[in-house]
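# Observations on the three-dimensional arrangement
Below, each chain spelled out in residue letters.
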Amino acid sequence: VQLQASGGGLVQAGGSLRLSCAASGRTFRSYAMHWFRQAPGKEREFVAAFSWNDSTYYEESVKGRFTISRDNAKNTVYLQMNSLKPEDTAVYYCAALRGSRGTYAHNPAPVDYWGQGTLVTVSS
């Protein structure tokens, strides 16, 4: 599986961005799709996941502001980010976890495939 993330950019605090991640392969629907992020000098952290069983999961700090969705017909997962804050500034990575390995991964270690990352910068 190859993942291609896009949609990052510079936005003012309070603004919105939508990230997209296009996946190759015929088995997209069998994967739990994730967004992680990594800020400068910090470890990569979980943001959100949309599992193969249609369950969604969010990090506490983004609940109510971010929405993850997926379009299995287009092999694409999205992250709608609203009410952005400067602390949301990071490189955002999409990631895929094979369904046989679980419903989602809160930690980066079990992830099977990573996209290249897209930079989101939120100015104050």
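Residues numbered from 1 in each chain as written. Predicted model: local features only at pLDDT ≥ 70, side-chain atom pairs only at ≥ 80, totals over all residues. Heavy atoms only, no water.

### Looking at empty space enclosed by the protein
- On inspection of all chains with the given rule, the structure shows one cavity of 30 Å³ or more.
- In this structure, the largest cavity encloses a volume near 30 Å³.
- For the largest cavity, the full set of lining residues is Val1, Ala23, Ser24, Gly25, Thr27, Phe28, Tyr31, Met33 and Ala96.
- A class-by-class count of the residues in the lining of the largest cavity yields six nonpolar, three polar and no charged. (1 Å grid on protein atoms, 1.4 Å probe; cavity = no way out; pocket = protein on both sides within 12 Å on 5 of 7 lines; lining within 4 Å. Points joined across faces, edges and corners; volume = space filled by probe spheres on them. Nonpolar A, V, L, I, M, F, W, Y, C, P; charged D, E, K, R; others polar.)

### As for the environment of glutamine 38
- If you trace the backbone, glutamine 38 turns up in strand E4 (residues 31-38).
- With relative accessibility at 26%, the residue glutamine 38 sits in the partly exposed group.
- For the pair formed by glutamine 38 and alanine 5, sequence separation is 33 residues and the distance between their alpha carbons is 14 Å.
- Beyond its immediate chain neighbours, meaning those up to four positions away, glutamine 38 contacts Glu43, Arg44, Ala90, Val91 and Tyr93.
- One polar contact links the side chain of glutamine 38 to the main-chain carbonyl oxygen of lysine 42, over a distance of 3.1 Å.
- Polar side-chain contacts of glutamine 38 include one of 3.3 Å to the side chain of arginine 44. (Helix = DSSP H or I, 4+ residues; strand = E, 2+ residues; numbered from the N terminus. Buried < 20%, exposed > 50% of the residue type's maximum accessible area, 1.4 Å probe, protein only. Contact = heavy atoms within 4.5 Å. Polar contact = N/O pair within 3.5 Å; in protein donor to acceptor, adjacent residues only side chain to side chain.)

### Quick look at the sheet that holds strand E8 (residues 76-81)
- Read from one edge to the other, the open sheet built from four strands follows the order E1-E3-E8-E7, with strand pairing classed as antiparallel. Every other strand in the sheet has two partners, leaving strand E1 (3-6) and strand E7 (66-71) as the edge strands with one partner each. Along the sheet, successive strands turn relative to each other by an average axial angle of 15°, direction set aside.
- Bridge count between strand E3 (residues 17-23) and E8: six bridges; the pairing is antiparallel. Within the sheet, the bridge partner assigned to leucine 19 lies in E8 and is leucine 79. (Pairing = 2+ DSSP bridges. Axes fitted to C-alpha atoms, helices over the stretch in contact; angles between N-to-C directions.)

### Considerations on the state of the cysteines
- Scanning all chains against the criterion turns up one disulfide.
- Across a sulfur-sulfur distance of 2.1 Å, cysteine 21 and cysteine 94 are joined as a disulfide pair. Between cysteine 21 and cysteine 94, the S-S torsion sits near 55°, and that sign places the bridge as right-handed. Taken together, the residues span a long stretch of sequence, with cysteine 21 in strand E3 and cysteine 94 in strand E9 (residues 90-98) at a distance of 73 residues. In terms of burial, cysteine 21 and cysteine 94 fall into one category: buried. (Disulfide = S-S within 2.5 Å.)

### With respect to the side chain of serine 20
- Residue position: serine 20 is located in strand E3.
- Judged by relative accessible area, serine 20 falls into the buried class, the value being 17%.
- Apart from the residues lying within four places of it in its own chain, the contact partners of serine 20 are Gln4, Ala5, Ser6, Trp35, Thr76, Val77 and Tyr78.

### Describing the side chain of arginine 65
- Inspection of the secondary structure assignment puts arginine 65 in the loop between strand E6 (56-58) and E7.
- Looking at arginine 65, its side chain comes within polar contact range of the main-chain oxygen of serine 83, at 2.9 Å.
- Each residue touching arginine 65, except ones within four places of it in the same chain, is listed here: Gln80, Met81, Asn82, Ser83, Leu84, Lys85 and Asp88.

In short, the description is geometric, and any link to function would need to be established separately.
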